[in-house]
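As a plain string of letters, each chain reads:
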Number of protein chains: 2
Amino acid sequence: MSKSERTDWECIRTDTGPDLKLFQVRFDWLKNPRNAHTVKATVLESPDWVNVVALTPDEKVVVVYQHRFGTMETTTELPAGIVESGETSKEAAIRELKEETGYTSEEWEYLGYVEPNPAFLNNRCHHWAARNVKQTLLPEPGDGEHLAVDVMSLKEIGQEISEGRFRHSLAFTALSHLFDLRSLLMNS
Amino acid sequence: MSKSERTDWECIRTDTGPDLKLFQVRFDWLKNPRNAHTVKATVLESPDWVNVVALTPDEKVVVVYQHRFGTMETTTELPAGIVESGETSKEAAIRELKEETGYTSEEWEYLGYVEPNPAFLNNRCHHWAARNVKQTLLPEPGDGEHLAVDVMSLKEIGQEISEGRFRHSLAFTALSHLFDLRSLLMNS
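Residues numbered from 1 in each chain as written. Chains lettered and ligands numbered in written order. Predicted model: local features only at pLDDT ≥ 70, side-chain atom pairs only at ≥ 80, totals over all residues.

S.K.: Where do I start with the interface of chain B and chain A in this structure?
M.R.: Many descriptions give the size of an interface as the accessible area lost when the pieces come together. Counting residues at the interface gives 67 residues for chain B and 67 residues for chain A. For the side of chain B that touches chain A, the element with the most residues is helix H2 (residues 154-162) of chain B, which contributes seven residues. Residue composition of the side of chain B that touches chain A, by class: 33 nonpolar, 22 polar and 12 charged. (Contact = placed C-beta atoms within 7 Å. Helix = DSSP H or I, 4+ residues; strand = E, 2+ residues; numbered from the N terminus. Nonpolar A, V, L, I, M, F, W, Y, C, P; charged D, E, K, R; others polar.)

As structure tokens, then:
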């Protein structure tokens, strides 16, 4: 396979798997174009996700401390959530920032997206920046959330990374977009 | 909840869910310490993952073009895979680089790890750098893989990001660790 070749894997059969609430599982039987062997792929169908780098007027970042059910630990993260049906990613970003933290902003900038894991997830995570945010409302966490809100300088986030408390991959990719990793690479 | 408070969610009940091959599903019923409401959490139990920033003597990065079953598209990525039972993450990194690309190295450096998604995954993705890599073997892709191998300058990876072909979150976080996003933040 060369770079320009975008070889298709023929889908022989597709089955609906269990509904995991967070995801609808799908099983695809795909024929490998290299050797014609069939593999059964597990795909987790998921709505897109969104997270927000929310910057206060003095350039601090709004963070949430949140107990996470996967790792059973509390981590330092960015406000984030699911793009609900009918919402744009910007609307979801505005809503999640407001619900989780009570912060609002008039200045929104799209930073780009990543694929959380194209091997088995079919969705994107959109990164938004909100500038000059102010805490104008009370947070309204959902039933499945118990959050604490804080603000941190970028230096303090660096410290959180050093000390192993800031480790959600998608919070890293949001910051990589804010700092424009792409330009860093292109000017290297 | 304050930053120092690490409130536990009491687990009322736990059930084994379906085996999805990639993951063993687990359902936890957890009591929210804020309001005592019980939520059913879906946890995907997964081995750790690993990926590799492999640098040639002239500072090019080894990349793979791979058709991904989640998004049904071919993307530009770093060599990556699962840490098999009994392996260290370094052994997995050495093996995946060799199997997927045929490149080997004597110089390995641990860059750190992220949590791919602590909301529902219990695992880590370890990032390794390999320096002065050489293509000493033929790639040996698995049945479920059809890869093409290439090398790219950092500038070219920046271009791939710009053009939307490099978008796997964990490839971004590996590069963020290589470029030490943490120091960038702490010196900002």
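That was the structure; now back to the text.
S.K.: Explain helix H2 (residues 154-162) of chain A here, please?
M.R.: Every α-helical turn comprises 3.6 residues, leaving residues that sit three or four positions apart pointing alike. For H2(A), the complete set of buried residues consists of A:Ile157, A:Gly158, A:Glu160 and A:Ile161. In an axial view of H2(A), the angular spread of the buried residues amounts to 160 degrees, which keeps them on one side of the axis. Elements in contact with the buried residues of H2(A): strand S5 (61-68), strand S6 (73-77) and strand S12 (147-152) of chain A together with helix H4 (181-186) of chain B. (Buried ≥ 20, exposed ≤ 12 C-beta atoms within 10 Å, placed from the backbone. Arc of directions from axis to C-beta.)

S.K.: Teacher, can you tell me more about the nonpolar core here?
M.R.: When a protein is soluble and globular, its nonpolar side chains tend to lie buried together. Of all hydrophobic cores here, the largest spans 74 residues; its most connected members are A:Val53, A:Ala54, B:Val53 and B:Ala54. Each residue touching B:Ala54, except ones within four places of it in the same chain, is listed here: B:Val61, B:Val62, B:Pro79, B:Leu97, B:Tyr103, B:Ser105, B:Ala130 and B:Val133. (Core = buried A, V, L, I, M, F, W, Y, C linked by C-beta atoms within 7 Å.)

S.K.: Is there a simple way to explain the environment of A:Ala171 in this structure?
M.R.: All names here are of chain A. Within the secondary structure, Ala171 sits in helix H3 (residues 169-178). By C-beta crowding, Ala171 is classed as buried, having 27 other C-beta atoms within 10 Å. Spatially, the C-alpha atom of Ala171 lies 20 Å from that of Glu84, the residues being 87 residues apart in sequence. When neighbours within four sequence positions are excluded, Ala171 is seen to be in contact with Asn51, Glu77, Leu78 and Phe166.

S.K.: In this structure, what is going on with the sheet that holds S12(A)? I would like to understand it.
M.R.: For sheets, the rule is that strands pair by backbone hydrogen bonds, running either parallel or antiparallel. Residues and elements named next belong to chain A. On the basis of which strands lie adjacent, the open sheet formed by three strands has the order S6-S5-S12 and antiparallel pairing. Edge positions in the sheet fall to S6 and S12, since each of these pairs with one other strand and no more. The average undirected angle you get between the axes of adjacent strands in this sheet is 25 degrees. Alignment of S5 against S6, held across five bridges, turns out to be antiparallel. Bridge assignment links Val64 to a residue of S6, and that residue is Glu77. (Pairing = 2+ DSSP bridges. Axes fitted to C-alpha atoms, helices over the stretch in contact; angles between N-to-C directions.)

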